[in-house]
Every structure is written in structure tokens, then in C-alpha cells.
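What follows is each chain in one-letter form.
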Amino acid sequence: MANLSASDDYFRFFGLNQQFNIDLPALDQAYLAIQKEVHPDRHARGTESEQRLAMQMATFANTAYQTLKNPIQRGLYLCQLHGVDAKLETNTAMPAAFLMKQMEWRETLDEQAEDLPELEALMVEVEQTKSDILVEIAQAIDSAKNYQRAAELLRGLLFVDKFAIELDDAIAALI
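To keep things clear, this report deals only with the structure shown in the data block.

Quick notes on the rules
- Residues numbered from 1 in each chain as written.
- Predicted model: local features only at pLDDT ≥ 70, side-chain atom pairs only at ≥ 80, totals over all residues.
- Heavy atoms only, no water.
- Phe/Tyr/Trp six-rings, centres within 6.5 Å; stacked < 30°, edge-to-face > 60°.
- Lys NZ or Arg CZ within 6 Å of the ring centre and 35° of its normal.
- Helix = DSSP H or I, 4+ residues; strand = E, 2+ residues; numbered from the N terminus.
- Buried < 20%, exposed > 50% of the residue type's maximum accessible area, 1.4 Å probe, protein only.
- Polar contact = N/O pair within 3.5 Å; in protein donor to acceptor, adjacent residues only side chain to side chain.
- Contact = heavy atoms within 4.5 Å.
- Expected span 1.5 Å × (residues − 1).
- Salt bridge = Lys/Arg side-chain N within 4 Å of Asp/Glu carboxyl O.

## Examining the packing of aromatic side chains
Summed over all chains, the structure comprises 9 aromatic pairs. Over the face of the ring belonging to Phe-20 we find Arg-74, whose NZ or CZ atom lies 4.9 Å from the ring centre.

Structure below.
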């Protein structure tokens, strides 16, 4: 069984480069290989400490996998690895233009709540914004190594993502 140490970061654990743009199929493959290795059935006859280690490995693998699979969590994790705390709970400062766009979206959602084509058009815009921010985050992390900037972008992306979920719910309610 692979030797897990607390010093292992999630990327090294799965044999991936420490970057924002990762090979998701490679992540899936590495995760499935580890899950197979640490499956409780494989250690049913093992000692108690072997069973406990397998369980710890499975738990670590799950946490690592969920973190790296989600782009927002992956970005926050990369910032953290480089000593930048996104301060999600305390730092809600956003650029004025970003806040104005959020207010516009919210207004459209409130005023056009029954207008499916309008909400679907808004969803296209929101998804494009998410996509644009993800590109900026990848540049900030992978190219510029600017984790402070990445943290700011990630805070914004969280707002956009939260709004996208609300919008998706509103659209689903009309269908």
C-alpha cells in the first residue's frame, strides 16, 4: 500500500503537477487506483492497524479528490499551499464593476423570474463569466504565480457560482 504522509500534498498524492489546469482524467484514474488499493475488502484479513491505515488512506484520497476535482476548491488549495489565505469569511471586498454586474444579474432574476428565455440568456452570460474567471485564475496561478490575485478571483468566482445555482433553481422551477 502506498505510504501516506501528512507532508504529502494532494497533487503529489495523485502524481500530478501542482497547478490549476490539471489533467482530470489522470486525476480520476489515480483516484480509482488508490480506492481499489485501500478498499476495506482488500484489508478484511489484515491487522487492525492495517485496516485503520487503509481507512485513513481512503479518507485522505476522498478529501484530496473532491478538492482537486472542484476548480474553486483546487484554486483555494493552491493558494493555501503557497501561503495565501483567501479569507473567504472576512474579506468580501470586490471591485465596483463586479458588484454592479452582480446587482444587474440579481435584478434580472427578480424582475424576469417568470421569463424562461430571459433567464436562460442570463445563464449563458453567467456561465461565460465563470469560464472567463477560470481562465484568469489559471493564468494567475500557473503563469504568473500570483496567488494573491488568484485568491481575489476565487472569491469573485464563489459569488458567481452561488448566483448560478440560484439561477439554475429558478429555471428549473419554470420547466
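## Here we look at the side chain of Asp-9
In this fold, Asp-9 is placed in the segment before α1 (10-13). Overall, Asp-9 belongs to the buried group, its relative accessible area being 9%. A polar side-chain atom of Asp-9 sits 2.7 Å from the main-chain amide nitrogen of Phe-11. Separated by 3.0 Å, the side chains of Asp-9 and Gln-18 make a polar contact. Setting aside residues no more than four positions away along its own chain, Asp-9 makes contact with Gln-18, Tyr-77 and Leu-81.

## What to know about helix α7 (residues 147-174)
In this model α7 runs 40 Å from its N-terminal to its C-terminal C-alpha over 28 residues, within 8% of the 40 Å that 1.5 Å per residue would give. In this structure Asn-146 caps α7, since a side-chain oxygen of it lies 3.4 Å from the backbone nitrogen of Gln-148.

## Quick look at the pattern of salt bridges
Where charged atoms of side chains with opposite charge meet at close range, the side chains can pair. The full count for this structure, using the stated rule, is 9 salt bridges. Between Glu-104 and Lys-101 there is a salt bridge, with its nearest N and O atoms 3.2 Å apart. You can see Glu-104 and its partner Lys-101 sitting in helix α5 (residues 96-111), 3 residues apart, about one turn around the helix. On the basis of relative accessibility, which here comes to 31%, the residue Lys-101 falls in the partly exposed class. In this structure, the salt-bridge partner of Glu-125 is Lys-101, at a minimum N-O distance of 3.2 Å. Taken together, the positions of Glu-125 in helix α6 (residues 116-143) and Lys-101 in helix α5 put the pair 24 residues apart, joining distant regions of the chain. One salt-bridge network, in which partners are shared between bridges, spans Lys-101, Glu-104 and Glu-125.

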